[in-house]
Amino acid sequence: DRAVLNWQAFPAAASYEILRDGAVAGSSDSLWCVDRGVASGTDYSYQVRAVFADGSVSAASDAIAVSTLGDPVDPGNDAPTGLRSTLQTRERA
């Protein structure tokens, strides 16, 4: 699973830190990131902080809540059913 986040630019930011549930989960040099460190069917809280060239960081943004989807359905050994043709034609040699 993954969470895709984006945000607006912060003046003079060199990069951004992404916080998941209050802890640094990654960083980004752009205005978006993909957090692949999440579990299926779980709720998370995300924030972002601007990181400046001198290494200082801004205050964290307001938090947003993100819920990942549950586990995908396992198709097992089942096969599609109901195959039919609604238009028949003659084959020509």
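Residues numbered from 1 in each chain as written. Predicted model: local features only at pLDDT ≥ 70, side-chain atom pairs only at ≥ 80, totals over all residues. Heavy atoms only, no water.

Novice: Which parts of the structure should I look at to understand the packing of aromatic side chains?
Specialist: Ring pairs (aromatic) are described by centroid distance and by the angle formed between their planes. Taken as a whole and judged by the stated rule, the model has 3 aromatic pairs. Centroid distance Tyr44 to Tyr46: 6.4 Å. Interplanar angle 50°. Geometry classified as tilted. Of the two residues examined, Tyr44 and Tyr46, each falls in the buried class. (Phe/Tyr/Trp six-rings, centres within 6.5 Å; stacked < 30°, edge-to-face > 60°. Buried < 20%, exposed > 50% of the residue type's maximum accessible area, 1.4 Å probe, protein only.)

Novice: Just checking my understanding: could you explain the pattern of salt bridges for this structure?
Specialist: Oppositely charged side chains can pair when the atoms bearing their charge come close. In this structure the tally under the stated criterion is 2 salt bridges. The salt bridge involving Arg49 is made with Glu17; its shortest N-O contact spans 2.6 Å. Taken as a pair, Arg49 in strand β5 (residues 43-51) and Glu17 in strand β2 (residues 15-20) lie far apart in primary sequence, 32 residues in all. (Salt bridge = Lys/Arg side-chain N within 4 Å of Asp/Glu carboxyl O. Helix = DSSP H or I, 4+ residues; strand = E, 2+ residues; numbered from the N terminus.)

Novice: Sorry, what's going on with the nonpolar core here?
Specialist: Generally speaking, nonpolar side chains in soluble globular proteins are found buried as a group. Counting residues in each nonpolar core, the largest one holds 13 residues, and the members touching the most others are Leu5, Trp7, Tyr16, Ile18, Cys33, Tyr46 and Val66. Broken down by secondary-structure element, the contributors of at least two residues to this core are β1 (3-6), β2 and β5. Not counting residues up to four positions away in its chain, the partners in contact with Tyr46 are Ala3, Leu5, Ile18, Leu19, Arg20, Asp35, Val38, Asp62, Ala63, Ile64 and Val66. (Core = buried A, V, L, I, M, F, W, Y, C linked by side-chain atoms within 4.5 Å. Contact = heavy atoms within 4.5 Å.)

Novice: When you look at the sheet that holds β2 in this model, what are you seeing that I'm missing?
Specialist: Whether parallel or antiparallel, the strands of a sheet pair through hydrogen bonds between backbone atoms. Spatial ordering of the open sheet is given by β3-β2-β5-β6, a layout of 4 strands whose pairing is antiparallel. The open sheet has two edge strands, β3 (23-28) and β6 (64-67), and neither has a second partner. Recorded for the sheet is a direction-independent mean angle of 35° between the axes of neighbouring strands. Sheet topology places β5 next to β6; 4 bridges connect them, and they run antiparallel. The partner of Tyr46 across the bridge, within β6, is Ile64. (Pairing = 2+ DSSP bridges. Axes fitted to C-alpha atoms, helices over the stretch in contact; angles between N-to-C directions.)

Novice: Could you clarify how one ought to interpret unusual backbone geometry in this entry?
Specialist: Leaving glycine out, the prevailing phi sign among residues is negative, and the prevailing peptide bond configuration is trans. Positive phi, normally seen in glycine, also occurs at Ala12, with a value near 70°. One can find Ala12 in the loop between β1 and β2. Of note in this structure, Asp21 is not a glycine but carries a positive phi near 50°. Among the secondary structure elements, Asp21 is positioned in the loop between β2 and β3.

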